[in-house]
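The lines below spell out each chain.
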Amino acid sequence: MDSTELRQSILKHLEFSMGKDLVHASLYDMRMALTLAVRDRVIEPWFRATRATYAAQSKRVYYLSMEFLIGRLLEDAIMNVGLTEAAHEAVAGLGFDFETVLADEPDAALGNGGLGRLAACFLDSMSTLGCPAYGYGIRYEHGLFRQSFAQDGRQVETAEDWLRQAHGWEFERPEASFRIGFGGSVAENGRTAIWTPEDAVLAKAYDTPIVGWQGKWANTLRLWGAEALTAFDLAAFNKGDFTAAAAPEALARTISRVLYPDDTTEQGKELRLKQEFFFTAASIRDILRRFNAEHSDLSGLPSRVAIQMNDTHPAIAGPELVRALVDESGMEFDTAVETARACLGYTNHTLMPEALERWPEELMSRVLPRHMQIIERIDESHAKAHPKRNVSIVENGEVKMGELSFIMANKVNGVSALHTELVKDTVFAELNALHPGRIVNETNGVTPRRWIKGANPRLSSLITDTIGAGWEDRLERLVELEPAIADKGFRNQFAEIKARNKRDLADWIERDMGIAVNPAAMFDVQIKRFHEYKRQHLNILETIALWQEIRANPGAGWAPRVKIFGGKAAPGYVMAKEIIHLINNVARVINADTTTRDVLTVVYPPNYNVTMAERLIPASDLSEQISTAGKEASGTGNMKFSLNGALTIGTLDGANVEIRDLVGPENFFLFGMTASEVVECRKTPDHAARAIKASNRLGAAIEMIEAGAFSNGDTEMYHGLTQNLRGHDYFTVCADFDSYWDAQRRVDAAWGDQDNWTRMAAINTARTGWFSSDRTIQGYMADVWKITPMI
Ligand code: NBG
């Protein structure tokens, strides 16, 4: 398709879909018309993929995830169907600026962070590889909250409203609706049972086609929206009680109303459990309906169906599938458990105890009475099969979803080499001993289409010029860049690309925040959710110490730095919000200091999201991956930075370990304790006090905070934070401080030799092609799903 044809198609959609002619078209009209014109191009591969899958009776992957952090879709789709230039030309020819049109699309934030973004990268890779797959999730009306900063620097949350305008990508499927019940009673019925729910809502499907690289294949993302069975109480309305009339609808819709803004702790327990059951049950029914349309014998289910549980959120899939097989199809219980297990896989994304979901038995029995019975039976038969076992699913009045997922899955995977070993040795040590071989590792990855090709077009052109086309879906080919790195001309081009990306970012920071930053300074970036284990406070403490050192020695030839932070804290996470507050106030004070202005600036743009990540990562020099070792399961931002030519300062945690192995220790700034050293360190109860005593810099930085240097003299403002550091300091910020400081000074020294820095940065790009999510998905296909690609 060329730009003239595309232009015709845009005009057609302007007229017939948007009901506008060009002279009256708004930016929104143009964006929608372009979206629909591009969507038309996606339909053909979508239908083709569906037909091919049916014809081959292929196994399908069902990726069940509470979160899909997809961001904007238009630019990605245009790129994948090869229309970037045509679209640019067509839109410009119609009098609109292409970038402005793309930027009009809301950022679909149906996820909190890494877990949701990983699911989005996986969708892209499954379509690229021709793996027949469906993503199943919730169509949240409000995605992750919008973040702003109050005058005093505190985080303020407001509701996000991406669905205020029509969502151009989705197809509503009223015919694909299921009734999802809650509560009620269970009647014995011989070997089976009849569950009569007390309440029910309707789960209605909304489909978004996800097209892969070069438009060869497209899968479906099916999101469920909740609706009332009876929309409206007319009798109440007629009596004038308008609130009561609307109540059923409002109540039902609550289920798909908001994404819980917390990826490590559960909130709003009952609603959250209902959300989980809602989307999981609707998905299982849809899966069985599709299977039954093609096959008659349910024992063949595992050869056609692979269901992946993305964390424990869809863990009820096991009991729900067993319930459907036993109560609705009359399968014998043990056979049903075996059948379900042969279909199910479980990905663990965290070892944090508070994030491993547990539901009160009372709640589970009330909301899902039949499932509670099934869970108990699964637990009993597992106990019978392993008489010496010490773990159980139901314990002390709680249902442990991690154990349930493990027992109901045929494969359990961790998300980086280190994490998988820790899964084996800690949370699931005993289950691992009972089921050797069940735990496998699938190190995370990211899609190079969005994170290099789309986000960094300049670097992409250089890669293509150097190693030729076709690296986008064979990212291991980036190693072919390596010989070119010896060439000064190549390094200059690489450096020039980084410099231009940084100038673009500096312009944006100036426009958006009114802060002028020096584009020649080192851009030192930490962007991720705020959590104590991710240790943004270690970074800000080092920033304070550095500022003091520069003030004491202004002429010491400091490497100029712009410290950039980005990220949100869960609204109920007090300590994380205190860290955000502190960073904003440190930024205010440091940025006002004229003696250090040329060498140190701190910026923290609000409302970090996928789109902002696409802007920041290509312009970064230094990637901060400084979590307490043993706590970050993998990280995926760390991979995006390396691929885009940033050097990492980091601990031996998550996938940092694999990044360092690949790029070489000489191209990575390592610091801090290892996971086992952290465990040892905690055995000394005053480890933090000792570290503070041993480090004048750290002591002085904490004292400055306590003295009110960043709170207009208020000495109480950060009491909670500093007391925690001086006392418990579970995340060993103090014990790792000096090592971090030293590593930062090695970074400064390395920055002094710009050409060598560029060489190291280019090596990072060349050696990290392994982190393509295509490689990850190939791993899942071979080890977990046992499925072969269709293209
Ligand atoms: C997160 C981990 C990250 C990891 C992503 C994707 C949760 C519960 N876990 O380290 O913290 O990269 O999952 O696997 O969000």
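A brief report on the enclosed structure follows.

Rules used throughout
- Residues numbered from 1 in each chain as written.
- Predicted model: local features only at pLDDT ≥ 70, side-chain atom pairs only at ≥ 80, totals over all residues.
- Heavy atoms only, no water.
- Patch = residues over 30% accessible without salt bridge, like charges linked within 9 Å, V, L, I, M, F, W, Y side chains within 5 Å.
- Areas by Shrake-Rupley, 256 points an atom, 1.4 Å probe, with all protein chains shown as cover.
- Salt bridge = Lys/Arg side-chain N within 4 Å of Asp/Glu carboxyl O.
- Helix = DSSP H or I, 4+ residues; strand = E, 2+ residues; numbered from the N terminus.
- Near = heavy atom within 4 Å.
- Polar contact = N/O pair within 3.5 Å; in protein donor to acceptor, adjacent residues only side chain to side chain.
- Nonpolar A, V, L, I, M, F, W, Y, C, P; charged D, E, K, R; others polar.
- Pairing = 2+ DSSP bridges.
- Axes fitted to C-alpha atoms, helices over the stretch in contact; angles between N-to-C directions.
- Contact = heavy atoms within 4.5 Å.
- Expected span 1.5 Å × (residues − 1).
- Buried < 20%, exposed > 50% of the residue type's maximum accessible area, 1.4 Å probe, protein only.

Another aspect to go through is a nonpolar patch on the surface. Among the surface-exposed residues, F232, L234, F237 and F242 lie close enough to one another that they form a single nonpolar patch of about 410 Å² accessible area. On the secondary structure map, L234 appears in helix α7 (residues 234-238).

A word on the site of the ligand. Near the ligand there are 15 residues, and of these H349, N444, E632, S634 and G635 occur at the shortest range. Taking H349, its side chain carries an N or O atom lying 2.6 Å from an oxygen atom of the ligand. Computed on the free molecule, the ligand has an accessible area of 380 Å², of which 93% lies beneath the protein chains in the complex. Taken together, the residues of the shell around the ligand sort by class into 5 nonpolar, 7 polar and 3 charged.

On to the sheet that holds strand β11 (residues 218-227). Whether parallel or antiparallel, the strands of a sheet pair through hydrogen bonds between backbone atoms. The sheet built from 9 strands is open, its strands ordered β7-β10-β11-β4-β1-β12-β13-β17-β18 with mixed pairing. In the strand order of this sheet, the two ends are held by β7 (171-182) and β18 (439-441), each with one partner. In this sheet, adjacent strand axes meet at a mean angle of 25° when their direction is disregarded. Across 10 bridges, the pairing between strand β10 (residues 199-211) and β11 is antiparallel. For I210, the partnering residue across the bridge sits in β11 and is N219. Contacting β1 (60-64), β4 (133-138), β7, β10, β11 and β12 (305-310), helix α9 (residues 269-294) runs over the sheet at an angle of about 115° to β7. In the packing of helix α16 (residues 417-425) onto the sheet, contacts are made with β17 (411-414) and β18, and the angle to β18 comes to roughly 165°.

Right, let's talk about helix α6 (residues 114-129) for a bit. Between its terminal C-alpha atoms α6 stretches 22 Å, which fits the 22 Å expected from 16 residues at 1.5 Å a residue. When you tally the buried positions in α6, you get 15 out of 16 residues, the bulk of the element. Once α6 finishes, G130 follows within two positions and takes phi at roughly 70°, a positive value.

Considering all chains together, one arrives at 61 salt bridges under this definition. The partner of E44 in a salt bridge is R48, with the nearest N and O atoms 3.0 Å apart. Taken together, the residues E44 and R48, both in helix α2 (residues 27-56) and 4 residues apart, mark about one turn of the helix. Across the salt bridge formed by R697 and E549, the nearest N and O atoms sit 3.2 Å from each other. A residue pair is termed long-range when its members are at least 10 positions apart, and R697 in helix α29 (residues 696-706) and E549 in helix α22 (residues 536-552) qualify at 148 residues. Three or more residues joined by partner-sharing salt bridges are found here, namely D524, E542, R561, K563, E624, R745 and D748.

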